[in-house]
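Read off the chains here:
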Amino acid sequence: MSISLYNTLTRRKELFTPLDPDNVRMYVCGPTVYDHAHIGNARPVIVFDVLFRLLRQAYGPEHVNYARNITDVDDKINARAAEERVSIRELTERTAAQFHKDIAALGVLPPTVEPRATDHIPEMRALCETLVAKGHAYVADGHVLFDVASMADYGRLSNRSLEEMEAGARVEVAPYKKGPMDFVLWKPSKPVGQADTNQPVGQADTNQQAEPAWPSPCGITAPGRPGWHLECSAMSEKHLGPVFDIHGGGIDLVFPHHENEIAQSRCAHGTQVMANVWMHNGFLQVEGEKMSKSLGNFITINDLLETDKFGGQPWHGRVVRLAMLGTHYRQPIDWTVDRLVQARATLAEIAETLVGVTPAAAPHGDVLAALEDDLNTPSAISIIHGLAKSARRGNAATAAELKSALQLMGIYDNEKPDDFFVGAGAPQVEEDEIAEAIQARLDARRARDFKEADRIRDDMASRGIQLKDGKDPKTGEIVTTWEVRR
Ligand code: AMP
Ligand code: ZN
């Protein structure tokens with residue numbers, strides 16, 4: 001098998017050659033556990049799960065070592081715990097458990113290891129000590145800071161020079177920093193009772209508001225806590241070694257998070273690279289807009305799976321997964337109800353053909369080839385459509401290989417067609433309402449308000465009614481008919 005992957009570091013697609021084929025190592029930045037994971041967070045989890053599965057297929061499951069961390073030390077966690085008046089531990093445990101439940105429903109395999117920042121504090125302190133000893137970091141005002149100027153090629157991943165970054169820096173620079181781009185490795189924690197909180201004085205349970213604190217490194221006497229970037233450098237080194245094969249995450253992490261991970265790890269270990277291949281998934285937006293709480297389009301994985309918040313009904317985890325993989329991982333993705341409706345129809349059709357079929361020993365080669373080409377999942381899915389057609393015509397060998405390919409991708413595992421219609425039930429739409437919708441859509445089109453026209457179509461689709469446009473053969477006018485989707 002020959003796998004090619006696009007490498008952010010070299011800005012090219014490259015043939016993947018592991019450092020050690022008996023121990024292929026991948027690290028992916030996992031969630032910061034302060035709130036339910038949203039559907040954008042699900043994207044790297046699903047994308048790198050597909051890569052994990054492909055690597056296991058290529059090198060053998062026991063030869064792939066995948067670490068996806070849990071960030072359980074972070075200021076957002078402290079703030080949320082104070083807001084909810086729960087202990088930090090309670091919040092992180094609860095959120096991590098919810099995350100596991102959510103992604104299991106999306107067909108995501110557990111990684112080989114799932115390190116937590118709080119279990120690696122000694123390793124983080126040691127990294128601080130090493131970086132100071134090697135002249136790459138300094139102590140100032142209770143902080144340990146990375147001296148960016150001490151690294152000749154800082155900025156290689158994001159492809160920016162230090163001068164450019166400094167010129168663009170809008171943040172107010174803390175007075176104790178030597179250079180404006182220097183970043184925190186370790187910082188002091190405010191003692192009990194002094195933590196920032198929105199709570200009125202007097203009502204606060206100070207015990208719960210103390211920032212988490214550990215003995216500090218580098219001769220700093222006051223207790224402190226690690227910076228976010230340092231956490232990943234320490235965890236990846238511990239579980240995968242100073243240099244490993246693949247490092248992944250969302251595109252937003254390229255700078256500063258991954259740039260700073262690289263700076264810390266390379267300077268501490270004296271290596272040319274931290275990971276050979278850096279992979280980044282594109283961003284997800286919802287119905288054409290950035291997801292945000294204020295826009296009211298913020299959707300958690302749990303909302304999709306268990307509530308009717310998106311499209312008026314809950315969606316099966318595999319439907320969500322297939323919908324996600326319909327776009328190449330490096331492209332931006334627009335998350336729409338229509339996408340889910342289509343994915344569901346595809347899965348129902350696949351299930352009708354493949355339920356009860358015994359999978360072949362190896363997945364179909366064409367699907368595999370598409371995945372080997374920088375995880376080209378949209379191409380894999382279009383191949384799957386073709387194979388399903390052939391399987392429906394009675395080609396048993398194709399059916400078996402297709403089923404094996406679908407299992408490899410985590411898309412289908414013997415569900416029945418109806419299983420994918422979670423809570424959709426029989427459509428609850430009166431015929432009058434459908435007629436009104438068709439008319440409203442026609443009006444919207446005439447007014448060239450195509451967004452509204454599409455919204456009406458999606459709304460009907462989400463309720464099990466598919467609107468179909470045709471032309472009146474005599475007048476040439478558009479005529480819309482409808483049918484129940486299932
Ligand atoms: P966070 O918990 O914010 O650190 O994010 C966890 C992972 O989700 C990171 O790899 C982010 O890059 C990724 N991520 C966050 N928001 C989105 C989004 N809207 N689309 C795609 N990936 C995202
Ligand atoms: Zn990270």
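Computed from a predicted structure; not experimentally measured.

Undergrad: Tell me what's going on with the sheet that holds strand 8 (residues 224-226), and back it up with residues and numbers.
TA: Here four strands make up an open sheet; going across it, the order is 5-6-7-8 and the pairing antiparallel. Among the strands making up the open sheet, the edge pair consists of strand 5 (137-140) and strand 8. Ignoring strand direction, the axes of neighbouring strands in this sheet form an average angle of 20°. Set on the sheet, helix 8 (residues 254-269) makes contact with strand 6 (143-146) and strand 7 (183-188); between it and strand 7 the angle comes to about 85°.

Undergrad: Any chance you could break down the sheet that holds strand 10 (residues 275-281) for me, citing the residues and the numbers?
TA: Sheet strands associate in pairs through backbone hydrogen bonding, adopting either a parallel or an antiparallel arrangement. On the basis of which strands lie adjacent, the open sheet formed by four strands has the order 4-3-9-10 and parallel pairing. At either end of the open sheet lies a strand with only one pairing partner, and these are strand 4 (64-68) and strand 10. If you compare each strand with its neighbour and ignore which way they point, the axes differ by 20° on average. Here strand 9 (residues 244-250) runs beside strand 10; their pairing, made up of six bridges, is parallel. Pairing of I246 across the sheet is with V277, part of strand 10.

Undergrad: Can you explain the site of ligand 1? Please cite residues and give values.
TA: By nearness alone, 14 residues border ligand 1, and G40, N41, G250, D252 and L284 come closest of all. Taking G40, its main chain carries an N or O atom lying 3.1 Å from a nitrogen atom of ligand 1. Note that an oxygen atom of ligand 1 is positioned 3.2 Å from one of the side-chain N or O atoms of N41. Isolated, ligand 1 exposes 490 Å² of accessible area, and the fraction of that covered by the protein chains is 86%. Among the elements of the structure, helix 1 (39-59) and strand 9 are those that each provide at least two residues to the shell around ligand 1. With three residues, helix 1 is the single largest residue contributor to the shell around ligand 1. Class assignment for the residues of the shell around ligand 1 results in five nonpolar, eight polar and one charged.

Undergrad: Go over helix 7 (residues 228-240), please, and point to the residues and values.
TA: An ideal rise of 1.5 Å per residue puts 18 Å on 13 residues; helix 7 measures up with 18 Å between its terminal C-alpha atoms. Downstream of helix 7 by a residue or two, G241 has a phi angle that is positive, lying close to 95°.

Parameters at a glance
- Residues numbered from 1 in each chain as written.
- Chains lettered and ligands numbered in written order.
- Predicted model: local features only at pLDDT ≥ 70, side-chain atom pairs only at ≥ 80, totals over all residues.
- Heavy atoms only, no water.
- Pairing = 2+ DSSP bridges.
- Helix = DSSP H or I, 4+ residues; strand = E, 2+ residues; numbered from the N terminus.
- Axes fitted to C-alpha atoms, helices over the stretch in contact; angles between N-to-C directions.
- Contact = heavy atoms within 4.5 Å.
- Near = heavy atom within 4 Å.
- Polar contact = N/O pair within 3.5 Å; in protein donor to acceptor, adjacent residues only side chain to side chain.
- Areas by Shrake-Rupley, 256 points an atom, 1.4 Å probe, with all protein chains shown as cover.
- Nonpolar A, V, L, I, M, F, W, Y, C, P; charged D, E, K, R; others polar.
- Expected span 1.5 Å × (residues − 1).

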